[in-house]
Each structure stands twice: as C-alpha cells, then as structure tokens.
Amino acid sequence: MRKAGGSFLALGLFTLAALLLSVGLGSVSLSPGSILTALLGGGDEGTRALVLGLRLPRVTLAFLTGAALSAGGTVMQSALENPLASPFGLGVSAGAGLGASAVMVLGVSGALGAVALPAAGFAGGLGTVLLALALARAFDARLSGVTVVLTGMVLSLFFSAILDLMAAMNPDYAQRIGLWQMGSFAAKGWQGVWVLLPVLLLCLGVFLSRARELDLLSFGDEQAQTMGLDPRRARRFFIALVAVLTGAAVAFSGIIGFVDLVAPHVARRLFGASHRRTLPAAALLGGSFMVLCDLASRTLAAPREIPVGAVTALLGAPFFMLIFFKRKGAAGC
Amino acid sequence: MLKAEKLSCGYGGEPVVREISLTLSPGERLVILGPNGSGKTTLLRALTGVLPSSGLLELEGRDLRSLSPRERGRKLAMLSQMNTAGFAFTVWETVLMGRYPHMGRGVFSTPSPEDRRIAEDCLKGLNLWPERNRPITELSGGQLQRVLLARTFAQTPGIIFLDEPTNHLDLKYQIELVEQLKSWTAGPGRAAVGVFHDLDLALSFADTVLLLDRGRAVYQGSAAGLDSALLSRVFEVDVPAYMRASRERWERTGG
C-alpha cells in the first residue's frame, strides 16, 4: 500500500452533500435550489421558516457535535496511545449525564432551565474528566496512558451507577433521563450552534497548532520524551481541552456514543496518521456521519423519532467489532 | 561529553543503581553489562535525564537534568526496542519527527528546508528513501527498527542511547544495526551508550564496558581488558566455557 491519499476535496464535497441532503429531506422534501433560495432570503415564507428556523439549526448542531466528538476522540486516542480510548470512555458521558439528570430531578425549569441543563451537562462532563486526571495522577506520578484509561473507566462506571440509582429513585424522570442519555438534535434552535461553533474552532485550532506533539505522543512516553517532549504535561493539556470540547458538545444534544471512537479510525485509514490531516478529516467525517445518522433518526420511522444515539451505536458497534477482530488477526500473523 | 559522579537512582525506596561515576568521551562506545535486574536499563535511563537521580550528571559542563525537554532532545537521542507500530505514520513522517526538537515552537511552524534535507539524508543513508511513503505499520520488525534508527540520526544528537535495540531482530538486522551505529559513532563529537541483551553482540559493539552487579559497578574500562572470571562470577555462568561450547556447535554444524 502506498501513502494514504484521501482527498480533502472529495471529503468536502461529501460533507456538503450530506448537509444538503439532510436539510432537504424530511416531512416536506426540498430541492437544493429551493434550499439555496431560502438561505439567500428568497422563496416563500413557509420554506424559509422550515429551512432557517428548523432544519438548518438542527443539521448544523448535529454536524458540529459530530465534528467535536470525532476531533476529541482522535486527540484522546493519540494522547493516551490507545486506539480504543475515547472521551466517553474517560467519563465525559457519565459525568454529563449525571449533571443533566441532577438538573431534571431538582426541577430547574423555565428560562433558567434552558441554560441550566446544558451548563450542568458541560460541568458534569468536564468535572469527571478532571477528577479522573487528578486521581490517575495520584496513583501514578508518570500519568501513563493505561492508568488514565483505567481510572476513567472506573469513574465512568461508578457515575453510571449513581445515574441509574437516580433514575430508579425518581421514576417520574426516568424516561426523560433515559432519553437525554440517548441524545437528540430535535428542537434545539440556534443556541447550541452559537456556543459550540467558537469552542470547536478554538479547540481545533489549538490541536492543529500542536499536531506534532500528538504525533510524538502516539509513539509512547519514552520515545516522545527522548525526542524532546514532556509527555505528562502534553497529555494533561490535551485531555483537559478534549474535556472542554466534548463537554460542550454533549451539553446540548445529550450523549451520542461511538462517533468519537469510529470517526478517528476511518480518518486515519483514509488520510494517514499525521494529525495535521487526521484531525480535520475526522472532524469532517464525524460531522457528516452525525448529520446522516440524525437524518435516519427522524425519517426512518417518521413521524416517530429514533434516538440518534441509538442510530450511531447501531452502526458503530459492528464497526468497532470489525476493528477489534482485524487487530487480533493482524497480531496473529 | 557526559560526566556522572556518584550517580544513584531508583523508583522510590531503595536505589537500584548506586554511586556510579563515569565519563564519556567523543567517539566512545560504552556498553553497560550485567545480568537481569542488575540495573542496566535504570542506569541508562538515569543517564538520559529521563529518570530522576541524585549525584552529579553533566552534559558538556551543564547539569543535564536542568535542560528543557527540547534542549535535551537536540543533544541526546534514544533507540529502544519497538516491534510494532500503533499508528500508520509514513516512513517519511516518522523520520521527520526526529527534527521536532529543532523546529520552531510557533503556531503552525513547519519543518525548515534544512530539517527536510537532514531527514532525506538519513533516509538515503540507510537505504530507506524508496520506502518513504509506506506506512510503518506495514514494515517488518527489522525494517521498522531501521526507520527508527533513521529518526534517531535525524535528531542529530551528540549521544545516542541504546536500550536493547536488537531484541527480536533477525541476525542480519542485528549485525547491520550494530555496524550502522558503529560508523555513526565514528563521526565528530559523537558517542553512544548501550544496553544489549546479547553478551556477544554487546562485546562486538563496545570499546568500553561498565559491568554492573546488583546496582554497583564492578568493572569499568576497555572491553578488551574485561576479565572473563569476573564476568562469569557476575553472570553466575562459566562464560568462556559457554562461548567455547557455542563455537564447537558451530564448527560441527558448519562442516
């Protein structure tokens, strides 16, 4: 095999097609022409309201969320030198779920509730990762990738148990808590987009500017260290930033798994391991994948919506298996 | 180049390596010998400044442990054993990573033409240029180790540390690697410190030896002056008898 030569032009066109398709399809189908007219402020008022008020914010939020989770997953896998690592595995999902559920159960509502839910989700996600980092550091001064992954896993399971307990003790909220954990982009408006977009751009910019450090970290601590990097410091920095990014992503849409794990692998296969290429590729791929999953979630069983987290997992789980068994096969020969 | 005095280190608790003093001169190939658990790798890692240690440790007159990671990366490099690569970087990307400590720290800084030229020279020097676009995940253990050697050379260090770099390699690659390292060390202002699993290979590389027994140096000097009785005592095996038996086996097989 020669160098992975995925083309960004092709990926860009694929992304654009996914976005157009998703804005166009639904209870009312729209042609690319009428979407463009509505975007430019023309056409009839109904179409404009549908495109600008309903579909576009939903599709954009789905894209940004998928991009953020995928970029976060890529960084996490390299920073922990573990191809099966992910932000969710480190407790972002469990922590965010716990924070959001607390807000639901405590019954913060109205205008405050609209802010409190994502804020609590964000704080829960970020807090859990920082706690995992602090604990890992206390156990292992070198802060090795394995210690971080194990600590995150244990913390994740512990918080999931509290979450289950919370749902069981408050049966009235159990369904809402369950649904939030499966994720949805329905009726979120533009609010999430305006928060997530700058966070994503900023984090991606920082990741790209320090892409070489991620390259070095993928070779393990000892090699990174002898090539002039402080792996412990770099790892701490990257994980904390991933926690901010993925915390912001799940805050608005709830927990949507597997994209963070799957997109980086596809991106590496198509665009190679160098983070200057993998990171933007994973973000575009993950964003498009999320947009298409969301499209499936609202059209396949219309007028009912399938939780988008279920769609990504249905597609993601077999893929995960495929990677896992392929690795096993490779190791055997 | 490198100077240690009463260097002790460990992993918390009792020190594993005690009060080692040594100096490394340009052109020198020092091999640290000793049985399993004698502290070879620990001493090696302490000498690179990666593992905390007590006592004096100077590189060109400066405390090695006070250097920043990047400064250290410009002066010292390490080649260890790596059998499989986790991520599919290309050969070129991997070797160019050796230039990291030399690159600017600015946002979006790119490798300079000088960085690219050095990486190219290192690849060509080890006959890897035709392989430059291949992912390292597809290489055999021997080829991968050669790529990592090219990356180590691309770092343009003064001292290369070797942590059992020939483990799991075919004999051909073992010999090749040792020869390439020997000819590198012959360049101006260069030296190497190594730990080898194979005693025979270690002695074929070494011009000076530091023999460790339970964390203490029991011999320091030229490889030629190493007393085989001492070696046998430390390794708890009759080394000359083993080598003789090995040679006899060969003579029988070779016919």
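**Q** A description of the overall build of chain A should follow, citing residues and the corresponding values.
**A** Secondary structure assignment for chain A yields 14 helices and zero strands. In terms of overall size, chain A behaves like a compact globule, its C-alpha atoms giving a radius of gyration of 20 Å where 333 residues would be expected to give roughly 20 Å. Considered along the principal axes of its C-alpha atoms, chain A spans approximately 65 × 55 × 35 Å. Taken across its 333 residues, chain A has 50% of its residues classed as buried. Put simply, 76% of the contacts in chain A that link residues at least 6 apart link residues at least 24 apart.

**Q** I'd like a rundown of the overall build of chain B, residues and numbers included.
**A** Helices and strands together make up the secondary structure of chain B, namely nine helices and ten strands. Over its C-alpha atoms, taken along the principal directions, chain B stretches across nearly 55 × 50 × 35 Å. Burial analysis of chain B (255 residues in total) assigns 40% to the buried set. Pairs at least 24 residues apart make up 68% of the contacts formed inside chain B by residues separated by at least 6 positions.

**Q** Can you lay out the sheet that holds strand β6 (residues 76-80) of chain B for me, pointing to particular residues and giving the numbers?
**A** Residues and elements named next belong to chain B. Here six strands make up an open sheet; going across it, the order is β6-β7-β8-β3-β9-β10 and the pairing mixed. Looking at which strands have only one partner, the edges of the open sheet turn out to be β6 and β10 (216-222). The average angle at which neighbouring strand axes cross in this sheet is 15 degrees, direction not considered. With five bridges connecting them, strand β7 (residues 159-163) and strand β8 (residues 191-195) associate as parallel partners. Paired with Phe-161 across the strands is Val-193, a residue of β8. On the sheet, helix α1 (residues 40-47) packs against β3 (29-33), β7, β8 and β9 (208-213) and is oriented at approximately 150 degrees with respect to β8.

**Q** A description of the nonpolar core should follow, citing residues and the corresponding values.
**A** With 160 residues, the main nonpolar core has Ala-68 and Ala-71 of chain A together with Val-95 of chain B as its most contacted residues. For this core, the leading source of residues is helix α3 (residues 45-79) of chain A, giving 14 residues. Ignoring any residue separated from it by four or fewer positions in sequence, one finds Ala-68 of chain A in contact with Leu-196, Leu-200, Leu-245, Thr-246, Ala-248 and Ala-249 of chain A.

**Q** Give a detailed account of helix α5 (residues 141-154) of chain B, specifying residues and quantitative values.
**A** Owing to its 3.6 residues per turn, the α-helix brings residues three or four apart onto one side. Residues and elements named next belong to chain B. The end-to-end C-alpha distance of α5 is 20 Å, a good match for the 20 Å that 14 residues give at a rise of 1.5 Å each. If you check which residues of α5 are buried, you get Leu-144, Gln-145, Arg-146, Val-147, Leu-148, Leu-149, Ala-150, Arg-151, Thr-152, Phe-153 and Ala-154. Where α5 is buried, its residues meet β6, α3 (91-96), α4 (113-125), β7 and α6 (171-185). Phi turns positive one or two residues past the end of α5, at Thr-156, with a value near 40 degrees.

**Q** Can you tell me about unusual backbone geometry, naming the residues and giving the values?
**A** If you check the backbone angles, Phe-258 of chain A has positive phi at about 80 degrees while not being a glycine. Overall, the presence of 23 C-beta atoms within 10 Å leaves Phe-258 of chain A in the buried class. A positive phi angle, close to 50 degrees, is found at Glu-60 of chain B, a residue other than glycine. The residue Glu-60 of chain B is located in the loop between β4 (54-59) and β5 (62-63) in this model.

**Q** I'd like a rundown of the environment of Ala-136 of chain A, residues and numbers included.
**A** All names here are of chain A. By the secondary structure assignment, Ala-136 is in helix α5 (residues 110-139). Between the alpha carbons of Ala-136 and Val-148 there is a distance of 5.4 Å; along the sequence they are twelve residues apart. Not counting the four nearest positions on each side in its chain, Ala-136 is found in contact with Leu-143, Thr-147, Val-148 and Thr-151.

**Q** Give a description of the environment of Gln-174 of chain B that names residues and reports values.
**A** Residue and element names in this part refer to chain B. Structurally, Gln-174 can be placed in helix α6. Along the sequence, Gln-174 and Leu-201 sit 27 residues apart, while their C-alpha atoms lie 8.2 Å from each other. In this view, Gln-174 contacts Thr-166, Leu-169 and Leu-201; residues no more than four positions away in its chain are not counted.

**Q** Report on the packing of helix α4 (residues 92-106) of chain A against helix α6 (residues 145-169) of chain A, specifying residues and quantitative values.
**A** All names here are of chain A. Contact pair α4 / α6: the axes reach a minimum separation of 9 Å and the direction vectors enclose 20 degrees. Judged by the inter-axis angle, α4 sits roughly parallel to α6. Our pair here, α4 against α6, has a crossing hand that is left-handed. The residues of α6 that touch α4, namely those facing Ala-94, Gly-95, Gly-97, Leu-98, Ser-101 and Val-105, are Ser-156, Phe-159, Ser-160, Ile-162, Leu-163 and Met-166. When its residues are assigned to classes, the contact of α4 with α6 shows seven nonpolar, five polar and no charged.

**Q** Run through the interface of chain A and chain B, naming residues and quoting values.
**A** In this complex, chain A contributes 21 residues to the contact, which on the side of chain B involves 27 residues. Mapped by element, the contributors of at least two residues to the side of chain A that touches chain B are α9 (211-217) and α10 (221-226) of chain A. Across the side of chain A that touches chain B, the residue classes break down as six nonpolar, seven polar and eight charged.

**Q** Before we move on, could you go through the sheet that holds strand β1 (residues 2-9) of chain B and cite the residues and values that matter?
**A** Residues and elements named next belong to chain B. Read from one edge to the other, the open sheet built from four strands follows the order β2-β1-β4-β5, with strand pairing classed as antiparallel. Of all the strands in the sheet, the pair left with one neighbour each is β2 (17-24) and β5. With two bridges joining them, β4 and β5 adopt antiparallel strand pairing. Across the sheet, the residue bridging to Leu-59 is Arg-62, located in β5. Along the sheet face, α1 touches β1 and β2 and points at about 125 degrees away from the line of β1.

**Q** Account for the confidence of the model for chain A, with residues named and values stated.
**A** For chain A, the average pLDDT comes to 85, and 93% of its residues sit at 70 or higher. Below pLDDT 50 for its whole length, residues 328-333 of chain A participates in zero contacts with residues either more than four positions away or in separate chains.

**Q** How would you sum up the packing of α4 of chain B against α5 of chain B? Please name residues and give values.
**A** Residues and elements named next belong to chain B. As a packed pair, α4 and α5 sit with axes 9 Å apart at the nearest point and diverge in direction by 140 degrees. Comparing the axis directions of α4 and α5 gives the class oblique. Every pair of crossing elements has a handedness; the one defined by α4 and α5 is right-handed. Here α4 contributes Ile-118, Ala-119, Cys-122 and Leu-123 to the contact with α5, which in turn contributes Ala-150, Phe-153 and Ala-154. The residue makeup of the contact of α4 with α5, split by class, is seven nonpolar, no polar and no charged.

Definitions and limits used
- Residues numbered from 1 in each chain as written.
- Chains lettered and ligands numbered in written order.
- Predicted model: local features only at pLDDT ≥ 70, side-chain atom pairs only at ≥ 80, totals over all residues.
- Helix = DSSP H or I, 4+ residues; strand = E, 2+ residues; numbered from the N terminus.
- Rg over C-alpha atoms; globule rule 2.2 N^0.38 Å.
- Buried ≥ 20, exposed ≤ 12 C-beta atoms within 10 Å, placed from the backbone.
- Contact = placed C-beta atoms within 7 Å.
- Pairing = 2+ DSSP bridges.
- Axes fitted to C-alpha atoms, helices over the stretch in contact; angles between N-to-C directions.
- Core = buried A, V, L, I, M, F, W, Y, C linked by C-beta atoms within 7 Å.
- Expected span 1.5 Å × (residues − 1).
- Parallel < 35°, antiparallel > 145°, perpendicular 65-115°, else oblique.
- Left-handed = near helix turned anticlockwise from the far one by under 90°.
- Nonpolar A, V, L, I, M, F, W, Y, C, P; charged D, E, K, R; others polar.
- pLDDT = per-residue confidence, 0-100.

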